[in-house]
Amino acid sequence: MTYFPEEVVEHIFDFVGSHRDRNTVSTVCKAWYQVERLSRRTVFVGNCYAIGPERVMARFPGIKSLSVKGKPHFADFNLVPYDWGGFALPWIVAAARLCPGLEELRLKRMVVTDDGLELLARSFPNFKSLVLISCEGFSTDGLATIATYCRGLRELDLQENEVEDHGCQWLSFFPDSCTSLVSLNFGCLKGEVNGGALERLVARCPNLRSLKLSPAVSVESLNKILARASHLVDLGTGSFAVDHRTDVYHMLMNSFPKFKSLRNLSGFWDASPCCLRAVYPVCTSLTVLNLSYAPAIQGDDLIKIICLCFKLQKLWVLDSIGDKGLAVVASTCKELQELRVFPCDIYGAGTTSVTEEGLLAVSSGCPKLNSLLYFCYQMTNAALITIAKNCPHFTRFRLCILDPGKPDPVTDQPLDEGFGAIVRSCKNLRRLSLSGRLTDQVFLYIGMYAERLEMLSIAFAGDSDKGMIYVLNGCKNLRKLEIRDCPFGDIALLKNVAKYETMRSLWMSSCDITLGGCKALAAKMPRLNVEIINENEETYEFEENLSDLHKLEKIYVYRTVAGPRNDAPDFVWTL
Amino acid sequence: MSGTMVRASVEHDFFGIGGGGSSKKPTMGRMKSFREIHGEISRMSPDVIKSVIAASSTAVEKTKTAFAAATTRLPVPNPDSSFRHPKMDTAAPAVVAPLTIFYNGAVTVFDLPQEKAENILKLVEAEIIEGVDASPTEPVASKEQDGGDLPMARKMSLLRFLERRQGKQIYNS
């Protein structure tokens, strides 16, 4: 291949799609490295502190699409302090300077400011797509600048962000000349929405295929929008509750039948059962249905709608569906691949919730099931063993038993055997979250069998350091390990330090790690950032005086080529 | 809750929550140590302290009954409640009031909106029920800190996860 001209090599690399393959290709020789870096169009940075933005942009000057992730996953559970870091601005600044051809930016769990959004809006003339997931730090003013300056914007996708509301006018900032929108999602916004501006925007964007509204968008507004957007494939409704005696309700009932292409439905904020009937006409062609924001829809109404959805591939519901409703899913949704069941109420045992029976039924009836997030109050080993046999194709298996440390209620045993069966049977398992009473044994199974596992989440599990050691010594594809409230200490932390350089990150909180252990780790592995997050104001001012035996509340360890970060707040020490 | 409500003029920021609520930070942010909380107590008027100590001599029993009583006393927010203006449903500011907790000789004050106070009371209620039902041989895989903190910590972080999904608090029904 060294005798081929560069254009030919580049053309061949066009067929090398995945990030990993392209990374591998670039390490073959200098010539390939050069061709690859100049022809790379998409870069994914899984940890924004693993490398500096300038270095990325300098290596890949031609990128059109950049994806960066900031805070560790446990930030979703409030375990990462508010001002820990993950700032987007340095990335936007570097891209503005070095990669002005950027067209797409995707940020997850990062702090994005209005200034950053304005810089973004003004710096990239071809900018087409902005996706922000679980980000914070910006307001509707920032969205207004995106609307104003990004001519030709195709996608604005805001998922579960914390956005400060500075008024509803940001939608009006899309100029009349903006007709290019394909996807608009502002479901996470809390403030009022300018209905008229929204309706006009939808009306002038003939390519709009995905529209997800916030709870503030009324049914009346929705009716008007639906009248102008009959090519939608993906709809997230706004508010979905009106009195059935009104004209608005009757219009709603007649709004859906004409949608021939609608495949995804979500939103249904506080939906009422009688309004839900409006979507029955499109159920038979739905592939994605998300009713998890509709606590007023109880089991029987859920069953009525699910009975119609025989093409469903992805279903998100609340546990009010009950085992009975899941049995209906099992008998109706034969194409189901992903199921998420969220809890309505985490305070008590709940009269309507799901148990192992519901999951058993789905595993038995839905052979294509490969992705699961299931909140329940109990699980048995027997059920897990059967589920593992029924569904060997799981790639993501996240089980959250709401009582920490709860054993199998039938046998009073830990759930080691059940989860062991899952990892043994599901050879393609990439992501696993454990719960319930678990001993070191489950980690032995995971280390032995979970060869493709990339992400493991552990809470309130294990008996000793051995548990963590089994995982670190096995699981050769492990990338992210997050642990909370487990009896793992320095011995486990230091047993296999080289492993951490093969991983993206390790999070441990409320375990038995000491300052001395972390110091030892940092000393042995200079290419890791060993971050200690110490929110106890009494001790962080006197770090030199802390004994090595001092137990650490939170640590975050990650490989990096950028050295200790320069934006760490006072309560984060990098050893 | 005890009958003694600490009024806004004698406000002590025990937990370092800070004022304003100008940014949407979680109310249970960084926690001050108990030593600092006791420091706060030393700055309070002696009369208040006396009443606190008197109240806390049977603290545990009173706490349980007080929480149980409070749970039934707090009104559940509903659309017809006078707290909500019908035209401002999405922008209605939460009514913030002090929640005073007397426990084991220490007093803490939170300024909380009604929903958050309800959530805390529900959590404690659930803990009380759980505490009664738990068998003494129930294995606990995690270490004990501050007695009973763990399940609450887990529930708080789960609650936060679920709230973030929704973008609002709906889990108080």
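Everything discussed here concerns the structure shown above.
Residues numbered from 1 in each chain as written. Chains lettered and ligands numbered in written order. Predicted model: local features only at pLDDT ≥ 70, side-chain atom pairs only at ≥ 80, totals over all residues. Heavy atoms only, no water.

Caption draft 1: Representation of the overall build of chain A within the structure. On a plain count of helices and strands, chain A comes out with 21 helices and 23 strands. For a compact globule of 575 residues, the expected C-alpha radius of gyration is about 25 Å, and chain A comes in at 25 Å, within 12% of that figure. Taking the intrachain contacts of chain A between residues at least 6 apart in sequence as the baseline, contacts between residues at least 24 apart amount to 71%. Element-wise, carbon and sulfur atoms account for 52% of the exposed surface of chain A, whose accessible area totals about 22300 Å². Taking the average location of the 63 positive side-chain charges in chain A and that of its 65 negative ones, the two points are 9 Å from each other. (Helix = DSSP H or I, 4+ residues; strand = E, 2+ residues; numbered from the N terminus. Rg over C-alpha atoms; globule rule 2.2 N^0.38 Å. Contact = heavy atoms within 4.5 Å. Areas by Shrake-Rupley, 256 points an atom, 1.4 Å probe, with all protein chains shown as cover. Lys, Arg positive; Asp, Glu negative; His and termini not counted. Charge placed at Lys NZ, Arg CZ, Asp CG, Glu CD.)

Caption draft 2: Local environment of the overall build of chain B. Within chain B, the secondary structure is distributed over 5 helices and 2 strands. The N-to-C order of helical and strand elements in chain B reads α-α-α-β-β-α-α. Restricting the contact set of chain B to residue pairs at least 6 apart, pairs at least 24 apart contribute 64%. Roughly 10200 Å² of accessible area belongs to chain B as shown, and the carbon and sulfur atoms make up 58% of that amount.

Caption draft 3: Looking closely at the environment of Gly 325 of chain A. All names here are of chain A. Of note, Gly 325 is situated in helix H13 (residues 322–332). On the basis of relative accessible area, Gly 325 is assigned to the buried category, the value being 0%. C-alpha of Gly 325 to C-alpha of Gln 441: the two residues are 116 residues apart in sequence and 34 Å apart in space. (Buried < 20%, exposed > 50% of the residue type's maximum accessible area, 1.4 Å probe, protein only.)

Caption draft 4: Region of interest: unusual backbone geometry. Residues and elements named next belong to chain A. Unlike most non-glycine residues, Asp 412 shows phi in positive territory, near 60°. Since its relative accessible area comes to 57%, Asp 412 is described here as exposed. At Ser 510, a position not held by glycine, the phi torsion is positive, near 55°. One can find Ser 510 in the loop between strand E20 (505–509) and helix H20 (515–524).

Caption draft 5: Spatial organisation of helix H7 (residues 140–149) of chain A. All names here are of chain A. Across the 10 residues of H7, 8 count as buried, placing the element largely inside the fold. Along H7, the positions that sit buried rather than exposed are Thr 140, Gly 142, Leu 143, Ala 144, Thr 145, Ile 146, Ala 147 and Thr 148. Residues of H7 that are buried sit in contact with helix H6 (114–123), strand E4 (129–133), strand E5 (136–139), strand E6 (155–159) and strand E7 (162–164). Regarding H7, its N-cap is Ser 139, as a side-chain oxygen of that residue lies 3.0 Å from the backbone nitrogen of Asp 141 further along. (Polar contact = N/O pair within 3.5 Å; in protein donor to acceptor, adjacent residues only side chain to side chain.)

Caption draft 6: Looking closely at the pattern of salt bridges. Tallied over the full model, the rule gives 25 salt bridges over all chains. Arg 527 of chain A is the partner of Glu 501 of chain A in a salt bridge, and the nearest nitrogen-oxygen pair spans 3.1 Å. Placement of the pair is Glu 501 of chain A in the loop between helix H19 (490–495) and E20 and Arg 527 of chain A in the loop between H20 and strand E21 (528–533), with a sequence separation of 26 residues. Taking the relative accessible area as the measure of exposure, Glu 501 of chain A reaches 26% and is therefore partly exposed. Taking relative accessible area as the criterion, Arg 527 of chain A reaches 52% and is therefore assigned exposed. Notably, a salt bridge pairs Glu 163 of chain B with Arg 160 of chain B, separated by 3.7 Å at the nearest N-O pair. Within this pair, Glu 163 of chain B and its partner Arg 160 of chain B are both found in helix H5 (residues 149–166), separated by 3 residues, close to a single helical turn. Residue Glu 163 of chain B is classed as buried on the basis of its relative accessible area of 11%. Within this structure, Arg 20, Glu 454 and Arg 479 of chain A form a network of salt bridges that share partners. (Salt bridge = Lys/Arg side-chain N within 4 Å of Asp/Glu carboxyl O.)

Caption draft 7: Region of the structure containing the packing of helix H5 (residues 89–98) of chain A against H6 of chain A. All names here are of chain A. With their axes 9 Å apart at the nearest point, H5 and H6 run at an angle of 20° to one another. Put simply, H5 runs roughly parallel to H6. The handedness of the crossing between H5 and H6 is left-handed. Residue-level inspection shows Leu 89, Ile 92, Val 93 and Ala 96 of H5 in contact with H6, the latter providing Gly 116, Leu 119, Leu 120 and Ser 123. (Axes fitted to C-alpha atoms, helices over the stretch in contact; angles between N-to-C directions. Parallel < 35°, antiparallel > 145°, perpendicular 65-115°, else oblique. Left-handed = near helix turned anticlockwise from the far one by under 90°.)

Caption draft 8: Layout of the packing of helix H1 (residues 6–13) of chain A against helix H3 (residues 30–39) of chain A. Residues and elements named next belong to chain A. Between H1 and H3, whose axes approach to 10 Å, the crossing angle comes to 60°. In terms of orientation, H1 and H3 fall into the oblique class. Crossing hand, H1 versus H3: right-handed. Where H1 abuts H3, its residues Glu 6, Val 9, Glu 10 and Phe 13 lie against Trp 32, Val 35, Glu 36 and Ser 39.

Caption draft 9: Fine view of the side chain of Ser 510 of chain A. Take Ser 510 of chain A: its relative accessible area is 11%, and that puts it in the buried class. Among the polar contacts made by the side chain of Ser 510 of chain A, one reaches the side chain of Glu 553 of chain A at a distance of 2.7 Å.

Caption draft 10: Highlighting the nonpolar core. Formed by 197 residues in total, the largest nonpolar core has its most connected members in Phe 186, Phe 256, Phe 397 and Ile 446 of chain A. No other element matches the 5 residues that strand E15 (residues 371–376) of chain A contributes to this core. When neighbours within four sequence positions are excluded, Phe 256 of chain A is seen to be in contact with Leu 226, Leu 235, Phe 240, Leu 262, Leu 265, Ala 278, Val 279 and Val 282 of chain A. One finds Ile 101, Phe 110, Leu 112 and Ile 120 of chain B within the second-largest nonpolar core, a separate group that totals 7 residues. (Core = buried A, V, L, I, M, F, W, Y, C linked by side-chain atoms within 4.5 Å.)

Caption draft 11: Region of interest: the packing of aromatic side chains. Under the defined criterion, the tally for this structure stands at 20 aromatic pairs over all chains. Relative to Phe 488 of chain A, the ring of Phe 443 of chain A has its centre 5.8 Å away and its plane inclined at 80°; by these criteria the two rings are edge-to-face. Here the residue Phe 443 of chain A occupies a position in helix H17 (residues 440–449), and Phe 488 of chain A occupies one in the loop between strand E19 (480–484) and H19, the gap between them amounting to 45 residues. Comparing Phe 443 of chain A with Phe 488 of chain A, the two get one shared label, buried. Site record: aromatic cluster; members linked through ring pairs are Tyr 49, Phe 74, Phe 77, Trp 84, Trp 316, Phe 342, Phe 375, Trp 507, Tyr 556 and Tyr 558 of chain A together with Phe 161 of chain B. A cation sits over an aromatic face here: Arg 122 of chain A above Tyr 149 of chain A, 4.2 Å from the ring centre. (Phe/Tyr/Trp six-rings, centres within 6.5 Å; stacked < 30°, edge-to-face > 60°. Lys NZ or Arg CZ within 6 Å of the ring centre and 35° of its normal.)

Caption draft 12: Main features of the pairing of strand E3 (residues 104–108) of chain A. All names here are of chain A. Burial along E3 is one-sided: the residues Leu 105 and Leu 107 are buried and none of Glu 104, Arg 106 and Lys 108 is. Bridge analysis of strand E2 (residues 65–69) against E3 gives 5 bridges, and the strand direction is parallel. Residue pairing in the sheet places Ser 65 in a bridge with Glu 104 of E3. Running through H5, the crossover from E2 to the neighbouring parallel element E3 is right-handed. (Pairing = 2+ DSSP bridges. Right-handed = clockwise from strand over helix to strand, strands pointing away.)

Caption draft 13: Summary view of the side chain of Ser 214 of chain A. Residues and elements named next belong to chain A. Tracing the backbone through its elements, the reader meets Ser 214 in the loop between strand E9 (210–212) and helix H9 (219–228). Taking relative accessible area as the criterion, Ser 214 reaches 0% and is therefore assigned buried. Apart from residues no more than four positions distant in its own chain, Ser 214 is found in contact with Phe 186, Gly 187, Leu 189, Val 193, Gly 238, Ser 239 and Trp 269.

Caption draft 14: Focus on a nonpolar patch on the surface. Residues and elements named next belong to chain A. Together, Tyr 3, Phe 4, Val 8 and Ile 12 give the surface a local cluster of nonpolar side chains, amounting to about 440 Å² of exposed area. Along the chain, Ile 12 falls in helix H1. Residue Ile 12 is classed as partly exposed on the basis of its relative accessible area, which comes to 32%. (Patch = residues over 30% accessible without salt bridge, like charges linked within 9 Å, V, L, I, M, F, W, Y side chains within 5 Å.)

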